[in-house]
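What follows is the residue order along each chain.
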Amino acid sequence: MNLTSTYLKKIIQDKATELGFIKTGFAKYDILENESAKLRAWLNEGKQADMVWIERGFDKRKDVRIIMPEAESIISLAFNYYTPFEHDESKPKISRYAWGKDYHKILKKKLKELCEFIEQISTSFPSPLLKGEGCILCRAYVDDGPIMDKAWAVRAGIGWMGKHTNVINPEFGSWFFLSEIITNIEFDSYSEPTEDLCGSCSLCVSACPTGAITDEYVVDANKCISYQTIENRGEIPPDIDLDGWIFGCDVCQDVCPFNSPKHNFVTGEEGFYPSKVILPLTKGESVRQLADEGVETLNNMTEAEFAEIFANSPIKRTKFKGWKRNLHLCN
Ligand code: B12
Ligand code: SF4
Ligand code: SF4
């Protein structure tokens, strides 16, 4: 066994843990043949709705060497965003990933630090781990490039893809973001995939309010409330009932046994806690008195207030027009 590689993986993992990532896995570079064939079928069936950018980046999604020709390994990382609050069903609902600050910003900073750490130690781990001469190269992504985050997470043993198509870890459930570092380091061994533990369960499929999980492991974005409230720039089809959701949807993950209280543990990242304007939409005695005021604020925001209040939030993605449309449909 190459101890140098094993030790390098360990110190990368330790640094990632220090930065707050709950799970780190290592996948060997490969062309994503199986996953991209399924992606192709999904696109051919029009399940991407208006997200034309998925089709545009198809070749890169299939082969990360188009992005980084030196790629030898993909380090996949999971970051918990669970906070100890629940949706108040009597209020408009926002998916928990968007309660706090924008995860792209928070995680990109951490990934930059991790990349710098890995690059710095390149002098201690010379050429045997690298193809050809040169230094360690790292490129980080967190849902901001044409990379199949879930496919790499599955290959790197972060978890399995559940029937709702989110990646689930047997210990941590699925309330985590995925990110990855593409690198030219060639490790001597890689993580083992995690067993699919969905078994005969199909709670997510039957709980989805719009029937968007059209088959086990397949989500049709056209029917998904998350797509409709976040990505759709036009009218929401009249047959889609948003079921009180004004940004994203958590139903398929809320019902999953792997997200039961026993699995849910609280994130150490304060930035993911509900912001002041969102807190009143969650349950809890301490926020009760703020509740009506909070809903008023949401309903009556001007465009300038929307831009200011959600400047650092994922919610700005729906734009003011989408925000008003969603609120209107849920009131
Ligand atoms: C496009 C997109 C969406 C779309 C499409 C959803 C989807 N299922 O792909 C919409 C807007 C609907 C969406 C919604 C959400 N998203 Co989103 N989304 C993405 C994005 C940008 C690309 C995903 C993609 O490539 N989809 C295309 C389809 C083809 O991919 P797929 O479902 O993964 O396809 C696989 C399976 O269908 C499977 N498959 C197909 N057929 C079959 C048949 C069998 C038998 C089997 C076993 C498998 C199988 O193989 C395919 C290839 O691996 C990623 C970020 C990224 N860059 O990867 C985030 C990402 C997937 N989203 C994320 C999140 C958090 C969400 C939401 C939970 C947000 C919310 N609360 O509203 C919801 C969840 C909805 C859901 N049930 O999936 C996280 C998921 C984290 C995790 N733990 O897995 C990601 C990874 C972002 C991130 N970096 O953290 N999202
Ligand atoms: S996010 Fe909501 S609408 Fe989309 S698949 Fe899950 S439960 Fe269905
Ligand atoms: S609810 Fe059941 S079927 Fe759906 S992802 Fe969770 S374990 Fe799998």
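Residues numbered from 1 in each chain as written. Chains lettered and ligands numbered in written order. Predicted model: local features only at pLDDT ≥ 70, side-chain atom pairs only at ≥ 80, totals over all residues. Heavy atoms only, no water.

Looking at this structure, I do not really get the environment of T194. What am I missing?
Turning to its location among the elements, T194 is positioned in the loop between β7 (176-183) and α7 (203-207). Relative accessible area serves as the criterion here: at 24%, T194 is assigned to the partly exposed category. Among the polar contacts listed, one links the side chain of T194 to the backbone oxygen of G157, at a separation of 3.1 Å. (Helix = DSSP H or I, 4+ residues; strand = E, 2+ residues; numbered from the N terminus. Buried < 20%, exposed > 50% of the residue type's maximum accessible area, 1.4 Å probe, protein only. Polar contact = N/O pair within 3.5 Å; in protein donor to acceptor, adjacent residues only side chain to side chain.)

It is not clear to me how the domain arrangement of the protein should be interpreted in this structure. Could you clarify?
Accessible area lost during the coming together of the parts is what is often quoted as the interface size. When its domains are assigned, the protein resolves into domain 1 (3-84 + 101-183) and domain 2 (203-330). For domain 1 versus domain 2, the distance between C-alpha centres works out to 26 Å. Between domain 1 and domain 2, the contact holds 37 residues from the first and 36 residues from the second. Roughly 3,200 Å² of surface becomes buried between domain 1 and domain 2 when both sides are summed, with 62% attributable to carbon and sulfur atoms. When the area that domain 1 buries against domain 2 is broken down by residue, the three leading residues are K163, H164 and W175, summing to 22%. Here domain 1 and domain 2 share 3 salt bridges between them. A salt bridge links E216 to K163, with the shortest nitrogen-to-oxygen separation between them at 3.4 Å. Connecting domain 1 to domain 2 are 14 residue pairs in polar contact (both at pLDDT 80 or more). (Domains from an automatic or database assignment. Contact = heavy atoms within 4.5 Å. Buried area = accessible area lost by both parts, 1.4 Å probe. Salt bridge = Lys/Arg side-chain N within 4 Å of Asp/Glu carboxyl O.)

Is there a simple way to think about the pattern of salt bridges in this case?
As a working rule, side chains carrying opposite charge can pair if their charged atoms are close by. Counted according to the given criterion, the structure contains 19 salt bridges. Note that K108 and D144 form a salt bridge whose closest N and O atoms lie 2.6 Å from each other. Taken together, the residues K108 in helix α5 (residues 103-120) and D144 in the loop between β4 (138-141) and α6 (149-155) connect sequence positions 36 residues apart. For K108, a relative accessible area of 30% corresponds to the partly exposed category. Salt bridges linked by common partners bring K15, E18 and E113 together as one network.

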